[in-house]
Amino acid sequence: QVQLVESGGGLVQAGDSLRLACAASGRTFSSRAMGWFRQAPGKEREFVAAISWNGGGTAYSDSVKGRFTISRDNTKNTVYLQMNSLKPEDTAMYYCAATPGVGIAVRQYEYNRWGQGTQVTVSS
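Residues numbered from 1 in each chain as written. Predicted model: local features only at pLDDT ≥ 70, side-chain atom pairs only at ≥ 80, totals over all residues. Heavy atoms only, no water.

Participant: What's the story with the overall build of the protein chain in this structure? I'm lost.
Facilitator: Counting its secondary structure elements, the protein chain contains zero helices and eleven strands. Secondary structure elements of the protein chain, listed N to C terminal, follow the sequence β-β-β-β-β-β-β-β-β-β-β. Taken against the 2.2 N^0.38 rule, which gives 14 Å for 124 residues, the C-alpha radius of gyration of the protein chain at 13 Å falls within 12% of a compact globule. Burial statistics for the protein chain: of 124 residues in total, 43% are counted as buried. Put simply, of all contacts in the protein chain between residues at least 6 apart along the chain, 59% involve residues at least 24 apart. About 6,300 Å² of surface is accessible on the protein chain, with carbon and sulfur atoms providing 47% of the total. Here the protein chain holds 13 positive side-chain charges and 9 negative ones, and the gap between their average locations is 7 Å. (Helix = DSSP H or I, 4+ residues; strand = E, 2+ residues; numbered from the N terminus. Rg over C-alpha atoms; globule rule 2.2 N^0.38 Å. Buried < 20%, exposed > 50% of the residue type's maximum accessible area, 1.4 Å probe, protein only. Contact = heavy atoms within 4.5 Å. Areas by Shrake-Rupley, 256 points an atom, 1.4 Å probe, with all protein chains shown as cover. Lys, Arg positive; Asp, Glu negative; His and termini not counted. Charge placed at Lys NZ, Arg CZ, Asp CG, Glu CD.)

Participant: What is the right way to read the pattern of salt bridges from this model?
Facilitator: Once their charged atoms are close, side chains differing in charge can pair, the charge on each being opposite to the other. Summed over all chains, the structure comprises five salt bridges. Between R38 and E46 there is a salt bridge whose closest N-O contact spans 2.6 Å. By relative accessible area, E46 is classed as partly exposed at 36%. In this structure, the salt-bridge partner of R67 is D90, at a minimum N-O distance of 2.8 Å. On the criterion of sequence distance, the pair formed by R67 in the loop between β6 (58-60) and β7 (68-73) and D90 in the loop between β8 (78-83) and β9 (92-98) is long-range, its members being 23 residues apart. D90 gets classed as buried once you look at its relative accessible area, which sits at 1%. Taken together, the salt bridges that share partners define one network made up of R38, E46, R67 and D90. (Salt bridge = Lys/Arg side-chain N within 4 Å of Asp/Glu carboxyl O.)

Participant: I tried to follow the nonpolar core on my own but got confused; where do I start?
Facilitator: Here is a general trend for soluble globular proteins: nonpolar side chains tend to be buried in one another's company. M34, W36, V79, L81, M83 and Y94 are the most contacted members of the largest nonpolar core, which has 27 residues in total. Taken together, the elements giving at least two residues each to this core come down to β3 (18-25), β4 (34-39), β5 (46-51), β7, β8, β9 and β11 (118-123). One finds F47, A59, A97 and A105 within the second-largest nonpolar core, a separate group that totals seven residues. (Core = buried A, V, L, I, M, F, W, Y, C linked by side-chain atoms within 4.5 Å.)

Participant: What is the right way to look at the packing of aromatic side chains in this model?
Facilitator: Here a ring pair, both rings aromatic, is described through the centre-centre distance and the interplanar angle of the planes. Throughout the structure, instances matching the rule amount to four aromatic pairs. Between F37 and Y111, the ring centres sit 5.1 Å apart and the planes meet at 85°, which makes this aromatic pair edge-to-face. Of the two residues, F37 is situated in strand β4 and Y111 in the loop between β9 and β10 (113-114); the sequence distance between them amounts to 74 residues. For F37, a relative accessible area of 0% corresponds to the buried category. (Phe/Tyr/Trp six-rings, centres within 6.5 Å; stacked < 30°, edge-to-face > 60°.)

In structure tokens, the structure reads:
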């Protein structure tokens, strides 16, 4: 079993940066692709970024491409989301998720483990 705990959220101003972290327990982290999703109030949860098991491949939604960077450190069982040039529309609860496989996944149904989320609020 993999358990995921997100951290790093907060209240920032537009243009600022934040780095989210997702710490995973369990021995299978390094063999799982990981992803970040977000859900804004009144909206459905949406894909943000994904990374393959070894970090060799990444994917981003069009809305964050060029501003956000996903990375992982398998020695620390942690995946990160560096968020730069934040905008008010980035305000959401951000969730870390794990797949049972090694390849990049962009659809929610491909993920079988989810964290509790960390809130990111960007003021204008």
